[in-house]
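If you want the building blocks of each chain, they are given just below.
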Amino acid sequence: MATNSYYRRNDYVPGQKTPYKVSRSKIELFMQCPRCFWLDARLHIVRPSSPPFNINKAIDELFKKEFDSYRLKGQPHPLMVEFSVDAIPMKHDKLVDWRQNFTGVATVHQPTNLWVYGAIDDLWINSKGEAVVVDYKATAKDGDVGINSDWQISYKRQLEVYQWLLRNNDLIVSNIGYFVYTNGNINADGFFNKVEFKTKLIPYEGDDSWIEPTLHKMKTCLEDNNMPPVGEAAMGGDCDFCTYARQRTELTLAALDNKRPKSKAKKSVIVS
Ligand code: SF4
């Protein structure tokens, strides 16, 4: 049992009858590394988080305001016209809640009793009356933005979880979602208190068929008292966090070995 200051009372307890909350990002964590998910859910040993991306958050908020103004007017945003998207921003009385981080779109998955939730950025409606899931992304990089790098599988899974959640909230959801992807120009002559962005709408055809089996696997993992194997870093390859933790542990154990009387010192064993 973890005894560090992060310990909380609502860690998953095997056999528990109350629904257990898993956010969209915890599903992503499980997909990347079941061990980190298990440590988080069972012992609340949480992988260090990165500092908040405040500039990205600001861009998200501004995009929301921008698309909201066209939602009010019932008109397509100029980007939707430019990229020939047959949709307008959708009006829905739950949209405010669905955009909130700690409520989001939620459903209890009955077979596993997992309370799945995630906050969407935006929702559009196409001419067939289907809801279109939209996620805003911002970056600043040389060249064009796209969604086909290996690590961007997490973006695709994100959209698919939202599609699944909305379907479980009785919406008819198009398989096609959009990334509103904006890229800051790093080749300008200077900063001069502004960064110029260029925005693309990138369609993506989602497939949420992996989500149900994944929820069952997550439930099995939660119920298991054994720690599962490590996965991969978000960008692929070895995970920096575990590499760091292992190297620190090796150094600590080596230092402890050196302090022991020679006759008692024996080589420490590291379990990866
Ligand atoms: S490999 Fe990374 S993600 Fe997995 S348990 Fe270690 S720190 Fe967590």
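Keep in mind that this is a model prediction, so the values were computed, not measured.

Attention shifts here to the overall build of the chain. In terms of regular secondary structure, the chain is built from eight helices and eight strands. In terms of overall dimensions, the chain has a C-alpha envelope of 80 × 55 × 30 Å along the principal axes. Burial statistics for the chain: of 272 residues in total, 25% are counted as buried. Considering only residue pairs separated by 6 or more positions, the chain has 66% of its internal contacts joining residues 24 or more positions apart.

Once that is clear, we can look at the pairing of strand S5 (residues 122-126). Bridge analysis of strand S2 (residues 87-89) against S5 gives three bridges, and the strand direction is antiparallel. Along S5, the bridge assignment pairs Pro89 with Trp124. Two successive antiparallel strands, S5 and strand S6 (residues 131-139), enclose a turn made up of four residues, where Gly129 displays a positive phi of approximately 85°.

Across the sheet, which stays open at both edges, the five strands sit in the order S2-S5-S6-S7-S8 with mixed pairing between neighbours. Two strands in the sheet have a free side with no partner beyond their single neighbour: S2 and strand S8 (197-205). Looking at each pair of strands side by side, their axes are set apart by 30° on average, direction ignored. In terms of strand pairing, strand S7 (residues 176-184) meets S8 through nine bridges, oriented antiparallel. Note on S8: the bridge partner recorded for Thr182 is Thr199. In the packing of helix H3 (residues 54-73) onto the sheet, the strands contacted are S2, S5, S6 and S7, and the crossing angle to S6 comes to about 140°. Most of the contacts of helix H6 (residues 153-167) go to S6, to which it runs at about 150°, and overall it touches S6, S7 and S8.

Okay, the site of the ligand next. Around the ligand sit Cys33, Arg35, Cys36, Arg47, Val230, Gly231, Cys239, Phe241 and Cys242, and that is every residue in its neighbourhood. Those elements that provide at least two residues to the shell around the ligand are helix H2 (34-43) and helix H8 (240-259). Of the residues that constitute the shell around the ligand, the class distribution is six nonpolar, one polar and two charged.

This paragraph deals with the packing of helix H1 (residues 24-32) against H2. Close contact between H1 and H2 brings their axes to 5 Å; oriented N to C, the two are set at 135°. Between H1 and H2, the interaxial angle falls into the category oblique. Seen from H1, the contacting residues are Lys26, Leu29 and Phe30; seen from H2, they are Pro34, Cys36, Phe37 and Asp40. The class makeup of the residues in the contact of H1 with H2 is five nonpolar, no polar and two charged.

The phi torsion at His44 lies on the positive side, around 50°, for a residue other than glycine. Along the chain, the position of His44 falls in the loop between H2 and H3. Its 18 C-beta neighbours within 10 Å are what place His44 among the partly exposed residues. With phi around 65°, Asn193 is a residue other than glycine that occupies positive phi space. Take Asn193: it is sitting in the loop between S7 and S8. Asn193 sits in the exposed class, given 5 other C-beta atoms within 10 Å.

For the rest of this paragraph, the subject is the nonpolar core. Counting residues in each nonpolar core, the largest one holds 46 residues, and the members touching the most others are Val132, Val133 and Tyr162. Once residues lying within four places of it in the same chain are set aside, the contact partners of Val133 are Ile120, Leu123, Leu159, Tyr162, Gln163, Leu166, Val173 and Gly177.

Here the focus is the domain arrangement of the chain. Under the domain assignment used here, the chain contains domain 1 (54-217) and domain 2 (238-272). Taking only C-alpha atoms into account, the centre of domain 1 sits 45 Å from that of domain 2.

Remember that side chains alternate between the two faces of the sheet whenever the strand is regular. The buried fraction of S6 is high, at eight of nine residues. Taken together, the four bridges between S5 and S6 define a ladder with antiparallel strand orientation. Bridge assignment links Leu123 to a residue of S6, and that residue is Val133. In the sheet, S6 pairs with S7 via six bridges, with the strands oriented parallel. Note that in S7 the partner of Tyr136 across the bridge is Val180. Crossover connection from S6 via H6 to parallel S7: handedness right-handed.

Definitions and limits used
Residues numbered from 1 in each chain as written. Predicted model: local features only at pLDDT ≥ 70, side-chain atom pairs only at ≥ 80, totals over all residues. Helix = DSSP H or I, 4+ residues; strand = E, 2+ residues; numbered from the N terminus. Buried ≥ 20, exposed ≤ 12 C-beta atoms within 10 Å, placed from the backbone. Contact = placed C-beta atoms within 7 Å. Pairing = 2+ DSSP bridges. Axes fitted to C-alpha atoms, helices over the stretch in contact; angles between N-to-C directions. Near = placed C-beta within 6 Å. Nonpolar A, V, L, I, M, F, W, Y, C, P; charged D, E, K, R; others polar. Parallel < 35°, antiparallel > 145°, perpendicular 65-115°, else oblique. Core = buried A, V, L, I, M, F, W, Y, C linked by C-beta atoms within 7 Å. Domains from an automatic or database assignment. Right-handed = clockwise from strand over helix to strand, strands pointing away.

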